[in-house]
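# Breakdown of the fold
In case you want the letters, here they are:
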Amino acid sequence: METTITPLGGNVYEIDTRMAGYAGITAGYLILSDRPCLVEPGTSGSAPTVQAALTELGVGASDLATVVVTHIHLDHAGGVGDIAAMYPGAEVVVHEKGARHLASPERLMRSARMVYGDALDVLFGELKPTDAARIRAVDDTGVIDLGGGRRLESHYSPGHAKHHVGLMDSATGDLYVGDAAGVYLPETADVRPATPPPDFDLDTALASLRRFASLQPQRLLFAHYGPVAEVEDTLDRSAEELRVWVDAVRDAQDAGLDVDHAVAMVQERTNDRYRITQDDIDPEIAEKYQVLNSDHSNVTGIMHALARHA
């Protein structure tokens, strides 16, 4: 099985999980410390690819100590059950608001199938249950022991999802941002918001970004996609994009537009902000990111939030 593994320094390795067969759309990260830790296993369909990468990096079935997810959306955590079965000694760490869904994923999967229909099987596959005894839930903060005095500290960061945490590596200063800082497009260096329903909340999301900045990370590691060293600028851009999108959707709602017309209006207002939407960009790259981070999903999530606060 073909793997794409990128060493990032500090015994951190980026693994392309090949979500739905796409390259460069969702990254998992292996911290190859004394107690190896996998951050973001990706989808159920990605589990064999992730296992092959861990094998290539010398991590066998009994070696993986911990699996950590930033949140339980299926592109991040859909493979937890598969990976837990492959690595029976690994503890699974998740925020307390998501823990029950990893143990009993039926409700989460029903909701996902209502949203994605038959595309669910192609995009994500089936989240399989994990033995509750292997799951450790964290609250506002938590600590994952990486061995040798190294630790991964979790920091509650809702706004994108109510079960979201950021993860700070004490040795490298890397901050695993999940989706709380949006989506970073390495091909174009764009930062786009990630505001899906039902949990998106602007003020909460902005507060999480401020919390990330206060941690003073050396680098941001995006699940979508890859490392970014320009920390302050990127977090500022993420906050700005959230405000721009919310203002645009609010104007569309004030004009009485339905979702599809609101999407068109928001696209017209925001497309010039991104290289990915320009005519000289390979349309396959733009299409790839619409699969992951569609304008329709973002607008729907913002409309849901605005209605909730009305």
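Read on for a plain summary of the structure. This structure is a prediction, so every number in the text was calculated from the model and none was measured. (Residues numbered from 1 in each chain as written. Predicted model: local features only at pLDDT ≥ 70, side-chain atom pairs only at ≥ 80, totals over all residues. Heavy atoms only, no water.)

### Section: a positive patch on the surface
Convention followed: Distance thresholds for patches are 9 Å for like charges and 5 Å for nonpolar side chains (Val, Leu, Ile, Met, Phe, Trp, Tyr), applied to residues having over 30% relative accessible area and no salt bridge. Surface exposure here means Shrake-Rupley accessible area, sampled with a 1.4 Å probe, where a residue is shielded only by the protein chains that are shown. In what follows, salt bridge is the name for a side-chain nitrogen of Lys or Arg lying within 4 Å of a carboxyl oxygen of Asp or Glu. Lys and Arg are tallied as positive, Asp and Glu as negative. Neither His nor the chain termini are counted. For charged residues, the charge sits on one atom: NZ in Lys, CZ in Arg, CG in Asp, CD in Glu. Where helices and strands are cited, they refer to DSSP runs of H or I of at least four residues and of E of at least two residues respectively, numbered from the N terminus.
The grouping of Lys97, Arg100, Arg107, Arg110 and Lys162 at the surface amounts to a positive patch. Counting only elements with at least two residues in the positive patch, the list comes to α4 (96-103) and α5 (106-116). With respect to the secondary-structure elements, Arg110 resides in helix α5.

### Concerning the nonpolar core
Filter applied, for reference: We call a set of buried residues a nonpolar core when its members are Ala, Val, Leu, Ile, Met, Phe, Trp, Tyr or Cys and they connect through side-chain atoms within 4.5 Å of each other. Each residue's exposure class comes from its accessible area (1.4 Å probe, protein chains only) as a fraction of the maximum for that residue type: buried when under 20%, exposed when over 50%, partly exposed otherwise.
Formed by 76 residues in total, the largest nonpolar core has its most connected members in Leu54, Leu64 and Leu102. A total of nine residues in this core trace back to one element, the largest contributor, which is helix α8 (residues 231-254). Grouped together as the second largest cluster of nonpolar side chains are 19 residues, Val93, Ile144, Leu146 and Leu152 included.

### Re the environment of Pro36
Convention followed: Any two residues whose heavy atoms approach within 4.5 Å are treated as being in contact.
Assignment of secondary structure puts Pro36 in the loop between β3 (27-31) and β4 (37-39). Residues Pro36 and Ala65, 29 residues apart in the sequence, show an inter-C-alpha distance of 5.4 Å. With near-sequence residues (within four places) excluded, Pro36 lies in contact with Leu30, Ile31, Asp63, Leu64, Ala65 and Thr66.

### Quick notes on the sheet that holds strand β10 (residues 165-169)
Counted only if it meets this: At least two DSSP bridges between two strands are needed for those strands to be called paired. Note on geometry: axes are lines fitted to C-alpha atoms, helical ones only across the stretch in contact, with angles between N-to-C directions running from 0 to 180 degrees.
Strand order in the open sheet made by the six strands is β8-β9-β10-β11-β14-β15, with mixed pairing throughout. A strand with exactly one partner marks an edge of an open sheet, and here the two such strands are β8 (141-147) and β15 (226-228). Strand-to-strand twist in this sheet, taken as the mean axis angle between neighbours without regard to direction, amounts to 25°. Bridge analysis of β8 against strand β9 (residues 150-156) gives six bridges, and the strand direction is antiparallel. Residue pairing in the sheet places Thr141 in a bridge with His155 of β9.

### As for unusual backbone geometry
The peptide bond linking Pro197 to Pro198 adopts the cis configuration, its omega dihedral lying at 5°. Within the element layout of this structure, Pro198 appears in the loop between β13 (190-192) and α7 (202-214). A positive phi angle, close to 55°, is found at Ala20, a residue other than glycine. Looking at the secondary structure, you find Ala20 in the loop between β2 (12-16) and β3. Backbone geometry at Gln216 places phi at a positive 55°, although glycine is not the residue there. Residue classification places Gln216 among the exposed positions, given a relative accessible area of 63%.

### Points about the packing of α8 against helix α9 (residues 259-270)
Spelled out, the test is: Geometric relationships in this document are graded by angle, where less than 35 degrees denotes roughly parallel, more than 145 denotes roughly antiparallel, 65 to 115 denotes roughly perpendicular, and other angles denote oblique. The crossing is said to be left-handed when, going from far helix to near helix, the turn is anticlockwise and less than a right angle, and right-handed when the turn is clockwise. Ten residue types, Ala, Val, Leu, Ile, Met, Phe, Trp, Tyr, Cys and Pro, are classed as nonpolar, four, Asp, Glu, Lys and Arg, as charged, and the remainder, Gly among them, as polar.
Remark: α8 packs on α9, axes separated minimally by 9 Å, with the N-to-C direction vectors making an angle of 135°. Of the possible angle classes, the one that applies to α8 and α9 is oblique. In this structure, α8 meets α9 at a crossing whose hand is right-handed. Of the residues in α9, those in contact with Val244, Trp245, Asp247, Ala248, Val249, Asp251 and Ala252 of α8 are Ala262, Met265, Val266, Arg269 and Thr270. Class assignment for the residues of the contact of α8 with α9 results in eight nonpolar, one polar and three charged.

### Re the side chain of Asp82
The cut-off we apply is this: N or O atoms within 3.5 Å of each other form a polar contact, as long as, within protein, one can give a hydrogen and the other can take it, and as long as residues adjacent in sequence are counted only when both atoms are side-chain atoms.
Turning to its location among the elements, Asp82 is positioned in helix α3 (residues 80-86). Looking at Asp82, the relative accessible area reads 15%, which means it is buried. A polar side-chain atom of Asp82 sits 3.0 Å from a polar atom in the side chain of Lys128. Filtering out sequence-adjacent residues up to four positions away, Asp82 remains in contact with Ser44, Ala47, Glu126 and Lys128.

### Focus on the packing of α9 against helix α11 (residues 295-309)
For the pair α9 and α11, interaxial distance at closest approach is 9 Å and the crossing angle is 110°. With respect to each other, α9 and α11 are oriented roughly perpendicular. Between α9 and α11, the residues in contact are Val259, Asp260, Ala262, Val263, Val266 and Gln267 and Asp295, His296, Val299, Thr300 and Met303, respectively. A per-class count over the contact of α9 with α11 returns six nonpolar, three polar and two charged.

### Thoughts on the sheet that holds β4
What the seven strands build is an open sheet, ordered β1-β2-β3-β4-β5-β6-β7; its pairing is mixed. Single-partner strands in this sheet number two, and they are β1 (5-9) and β7 (135-138). Put simply, the sheet's adjacent strands are angled 25° from each other on average, direction ignored. When β4 meets strand β5 (residues 66-68), the two strands line up parallel, connected through three bridges. Paired with Val39 across the two strands is Val68, which belongs to β5. The strands that helix α1 (residues 47-56) touches are β1, β2, β3 and β4; relative to β2, the one it contacts most, it runs at about 145°. Taken strand by strand, α4 contacts β6 (91-95) and β7, and its axis lies near 130° from that of β6.

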